[in-house]
Amino acid sequence: MSDDLKYPIGLCVTKKELNGDERTALIGEIRSLPSKLRQAVSGLSKEQLDTPYRPGGWTVRQVVHHVGDSHMNSLIRLKLALTEDNPVIKPYEEQLWAELADSALPDPEISLDLLEALHVRFVLVLESLSGDQWHRTYTHPASGETNLNEHLCTYAWHGNHHLAHITTLKERMGW
């Protein structure tokens with residue numbers, strides 16, 4: 001774990017090619033994320049949930065809701081790549097989404113429940129992919145073409161990245 005408050009597990013590293021064991025491990029990270037997030041926020045008070053994980057960063061509450069938003073987009077991007085020929089995906093303004101009422105106000109339990117169901121579906125699709133399907137792609141207007149191996153790396157990292165925002169905050173604050 002790094003002392004970097006913004007990137008406590010380091011920057012995302014993706015691979016265009018993964019072997020079966022690497023995919024299995026990354027899918028396992030995605031499968032376990034909802035329960036790890038739930039455990040990380042369990043018992044936190046309203047004040048703790050409304051504490052930013054770093055100066056200028058989102059609150060714990062916003063982080064949990066952001067993961068729900070992001071991983072909904074992830075599943076949609078995955079399904080687009082599987083059903084269309086290199087689709088151009090629509091980015092979203094995550095910072096602005098985090099300021100909307102459904103991210104800034106409600107109990108994180110709403111997004112934790114969402115993530116549990118969403119990740120069941122996410123994992124079902126990931127585990128169903130054949131060798132050639134992992135090379136299917138989508139194009140992000142800002143970052144370019146991404147294949148599904150890279151997508152898997154990104155979202156396994158993304159979940160752990162935000163989980164670490166919460167767990168390292170708890171450690172620093174002694175919660």
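This is a predicted model, so every value here is computed, not measured.

Overview of a nonpolar patch on the surface
And step 1. A surface patch of nonpolar side chains, amounting to about 290 Å² of accessible area, comprises L96, W97 and L100.
And step 2. Within the element layout of this structure, W97 appears in helix α4 (residues 94–97).
And step 3. Take W97: its relative accessible area is 32%, and that puts it in the partly exposed class.

Overview of helix α3 (residues 60–83)
And step 1. The first and last C-alpha atoms of α3 sit 35 Å apart over 24 residues, in line with the 34 Å expected at 1.5 Å per residue.
And step 2. Here α3 lies mainly inside the structure; 18 of its 24 residues are buried.

Comments concerning the pairing of strand β2 (residues 144–147)
And step 1. Pairing of strand β1 (residues 137–140) with β2 involves four bridges; the strand directions are antiparallel. Bridge pairing links H140 to G144 in β2.

Here we look at the nonpolar core
And step 1. Counting 39 residues, the largest nonpolar core has L37, V41, L78, L126, L152 and I166 as the members making the most contacts within it.
And step 2. By residue number, the principal contributor to this core is helix α7 (residues 148–173), which donates eight residues.
And step 3. Not counting residues within four places of it along the chain, the set of residues in contact with L126 comprises I27, I30, L78, W134 and L152.

So, the pattern of salt bridges
And step 1. Applying the stated criterion across every chain yields a total of nine salt bridges.
And step 2. Linking E116 and R38 is a salt bridge whose minimum nitrogen-to-oxygen distance equals 3.0 Å. Remark: R38 occurs in helix α1 (residues 20–41) and E116 occurs in helix α6 (residues 109–128); sequence separation between them is 78 residues.
And step 3. For D50, the salt bridge goes to K46, with nearest N and O atoms at 2.9 Å.
And step 4. Taking the relative accessible area as the measure of exposure, D50 reaches 28% and is therefore partly exposed.
And step 5. Given a relative accessible area of 55%, K46 falls into the exposed group.
And step 6. A single network of salt bridges, built from pairs that share partners, joins R38, E109, D113 and E116.

Description of the environment of W157
And step 1. By the secondary structure assignment, W157 is in helix α7.
And step 2. For W157 and I9, which are 148 residues apart along the polypeptide, the C-alpha to C-alpha distance reads 8.5 Å.
And step 3. Residues within four places of W157 in sequence aside, it is in contact with Y7, I9, G10, L11 and C12.
And step 4. At 3.0 Å, the side chain of W157 and the backbone oxygen of G10 are in polar contact.

Focus on the layout of surface pockets
And step 1. Approximately 850 Å³ is the volume attributed to the largest pocket.
And step 2. If you trace the largest pocket, you find 32 residues lining it, with E94, T154, Y155, W157 and H158 closest to the centre.
And step 3. Taken together, the elements giving at least two residues each to the lining of the largest pocket come down to α3, α4, β1, β2 and α7.
And step 4. For the lining of the largest pocket, the leading source of residues is α7, giving eight residues.
And step 5. The residue inventory of the lining of the largest pocket, partitioned by class, reads 12 nonpolar, 14 polar and six charged.

Calculation criteria
- Residues numbered from 1 in each chain as written.
- Predicted model: local features only at pLDDT ≥ 70, side-chain atom pairs only at ≥ 80, totals over all residues.
- Heavy atoms only, no water.
- Patch = residues over 30% accessible without salt bridge, like charges linked within 9 Å, V, L, I, M, F, W, Y side chains within 5 Å.
- Areas by Shrake-Rupley, 256 points an atom, 1.4 Å probe, with all protein chains shown as cover.
- Salt bridge = Lys/Arg side-chain N within 4 Å of Asp/Glu carboxyl O.
- Helix = DSSP H or I, 4+ residues; strand = E, 2+ residues; numbered from the N terminus.
- Buried < 20%, exposed > 50% of the residue type's maximum accessible area, 1.4 Å probe, protein only.
- Expected span 1.5 Å × (residues − 1).
- Pairing = 2+ DSSP bridges.
- Core = buried A, V, L, I, M, F, W, Y, C linked by side-chain atoms within 4.5 Å.
- Contact = heavy atoms within 4.5 Å.
- Polar contact = N/O pair within 3.5 Å; in protein donor to acceptor, adjacent residues only side chain to side chain.
- 1 Å grid on protein atoms, 1.4 Å probe; cavity = no way out; pocket = protein on both sides within 12 Å on 5 of 7 lines; lining within 4 Å.
- Points joined across faces, edges and corners; volume = space filled by probe spheres on them.
- Nonpolar A, V, L, I, M, F, W, Y, C, P; charged D, E, K, R; others polar.

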